[in-house]
Amino acid sequence: MSESIPVTETQTIPKVPTLPDAQTVTSVKHWNERLFSFRVTRPQSLRFRSGEFVMIGLMNDPDPKTGKQKPLLRAYSIASPSWDEELEFYSIKVPDGPLTSRLQHIEVGDEIILRPKPVGTLVLDALLPGKRLWMFATGTGIAPFASLMRDPETYEQYDEVILMHTCREVSELEYGRQLVESLPDDPLIGELVGGKLRYYPTTTQEESAQMGRITDNLSSGKVFADLGLPPMGAQHDRGMVCGNLAFNKDIMAVLEGFGLEEGANSDPKHYVVEKAFVD
Ligand SMILES: Cc1cc2nc3c(=O)[nH]c(=O)nc-3n(C[C@H](O)[C@H](O)[C@H](O)COP(=O)(O)OP(=O)(O)OC[C@H]3O[C@@H](n4cnc5c(N)ncnc54)[C@H](O)[C@@H]3O)c2cc1C
Ligand SMILES: NC(=O)c1ccc[n+]([C@@H]2O[C@H](COP(=O)([O-])OP(=O)(O)OC[C@H]3O[C@@H](n4cnc5c(N)ncnc54)[C@H](OP(=O)(O)O)[C@@H]3O)[C@@H](O)[C@H]2O)c1
């Protein structure tokens, strides 16, 4: 938590932020050697739609010539829902990544930079009304869905919400698994989630109970058989996609094969896509 300077017994002056657009880290959790999540304070004026992303980062090292420091920023999906009083992020640790090689070492009380300009296409408004919402994620692409699956509006708009999350290894699924498992007991949205949220996690490299790429499990019809659902169709099914570039491209072809068309904020249709990272 941010420190404050005591003035009298009843008055305090908040500590002056040391970074531009500074927010204070309130918790950090490491899921394995490649993934961590953290929460920060939320600027009072920040409004966003669940599923959007913002730019966050740290100050870069000083320029050796001028001594000046510039912010080092990257796009991050907000993983917490729009009603949450804090902001949550779920992050990769790229060993030699300019930002995450340092960001992975943040601790409670540290400051990060957060530019309060949320944007993105993975929002409920960008889809036409439907019965079932499918969320397709690989790796850290689950972050925007961690937000949407905690938003009451998701369950008000859809009869069923299906989350397909695929990673190479079991430990990479753990953040999503714990979140999904915690939702029925959540005092705010537990009742709404009820039996509406279906979870279909798979691994592709490490042996686990359910395996296979999302694209293969859709094309073969395995996921529909396993969940007792009809094949996807434009009348009732809506999709949101967040993964690596090759995955996004491949799943778009699968969804188009089911007759779904890509939409946008300005032109809502049957599915929307966002990159989980830039290769
Ligand atoms: C719209 C958008 C939303 C994003 N949301 C998130 C998010 O919620 N969480 C998150 O961890 N990252 C997210 N990213 C990626 C993020 O912006 C950075 O790329 C990441 O934090 C690594 O930063 P870096 O400076 O350490 O390395 P960079 O120089 O940015 O990346 C180095 C390399 O690492 C790999 N890489 C980068 N990010 C990932 C990733 N997330 N998963 C797997 N490999 C990766 C790529 O091969 C990339 O070329 C998002 C990117 C975009 C475009
Ligand atoms: N995760 C690790 O253990 C690991 C270790 C070392 C280095 N890396 C590097 O880190 C980067 C990101 O790795 P990541 O595992 O986080 O993300 P990723 O490469 O995007 O893979 C995540 C999941 O998406 C699947 N996938 C990839 N392309 C797909 C496609 N076209 N269609 C359908 N599914 C697809 C993968 O299945 P497949 O397994 O079938 O590809 C995997 O299960 C990569 O550059 C990788 O080389 C990762």
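For the structure itself, look to the data block above.
Residues numbered from 1 in each chain as written. Chains lettered and ligands numbered in written order. Predicted model: local features only at pLDDT ≥ 70, side-chain atom pairs only at ≥ 80, totals over all residues. Heavy atoms only, no water.

*Asks:* Sorry if this is basic, but what is going on with the packing of aromatic side chains here?
*Replies:* Two descriptors summarise a pair of aromatic rings, namely the distance from one centre to the other and the angle between the planes of the rings. Applying the stated criterion across every chain, the model contains 8 aromatic pairs. Aromatic side chains Tyr90 and Tyr175 sit 4.0 Å apart centroid to centroid with 10° between the ring planes, which places their arrangement in the stacked category. Residue Tyr90 is located in strand E7 (residues 86-92), and its partner Tyr175 is located in helix H4 (residues 174-182); the two are separated by 85 residues in the primary sequence. Assessed through its relative accessible area of 3%, Tyr90 is described here as buried. Taking 5.7 Å as the distance between ring centres and 85° as the angle between the ring planes, the aromatic pair formed by Phe224 and Phe258 counts as edge-to-face. Within this pair, whereas Phe224 is found in helix H7 (residues 222-227), its partner Phe258 is found in the loop between helix H8 (245-257) and strand E13 (271-275), the two being separated by 34 residues in sequence. Taken together, Phe36, Phe38, Tyr76 and Phe89 form an aromatic cluster joined through their ring pairs. (Phe/Tyr/Trp six-rings, centres within 6.5 Å; stacked < 30°, edge-to-face > 60°. Helix = DSSP H or I, 4+ residues; strand = E, 2+ residues; numbered from the N terminus. Buried < 20%, exposed > 50% of the residue type's maximum accessible area, 1.4 Å probe, protein only.)

*Asks:* Before we go on, may I ask you to explain the site of ligand 2 in this structure?
*Replies:* Arg34, Arg168, Thr204, Gln205 and Asn244 are the nearest of the 15 residues found near ligand 2. In this structure, Cys167 approaches ligand 2 through a main-chain N or O atom, which is 3.4 Å from an oxygen atom. A distance of 2.9 Å separates a nitrogen atom of ligand 2 from a polar side-chain atom of Glu172. With the chains in place, 70% of the 860 Å² that ligand 2 exposes on its own is no longer accessible. Looking at the shell around ligand 2, the elements that each hand over two or more residues are strand E10 (160-167) and H8. Broken down by element, the shell around ligand 2 gets its largest block of residues, 3 residues, from H8. (Near = heavy atom within 4 Å. Polar contact = N/O pair within 3.5 Å; in protein donor to acceptor, adjacent residues only side chain to side chain. Areas by Shrake-Rupley, 256 points an atom, 1.4 Å probe, with all protein chains shown as cover.)

*Asks:* What am I meant to see in a negative patch on the surface here?
*Replies:* Together, Glu33, Glu169, Glu206 and Glu207 line one region of the surface with negative charge. The exposure class of Glu206 is partly exposed, given its relative accessible area of 36%. (Patch = residues over 30% accessible without salt bridge, like charges linked within 9 Å, V, L, I, M, F, W, Y side chains within 5 Å. Salt bridge = Lys/Arg side-chain N within 4 Å of Asp/Glu carboxyl O. Lys, Arg positive; Asp, Glu negative; His and termini not counted. Charge placed at Lys NZ, Arg CZ, Asp CG, Glu CD.)

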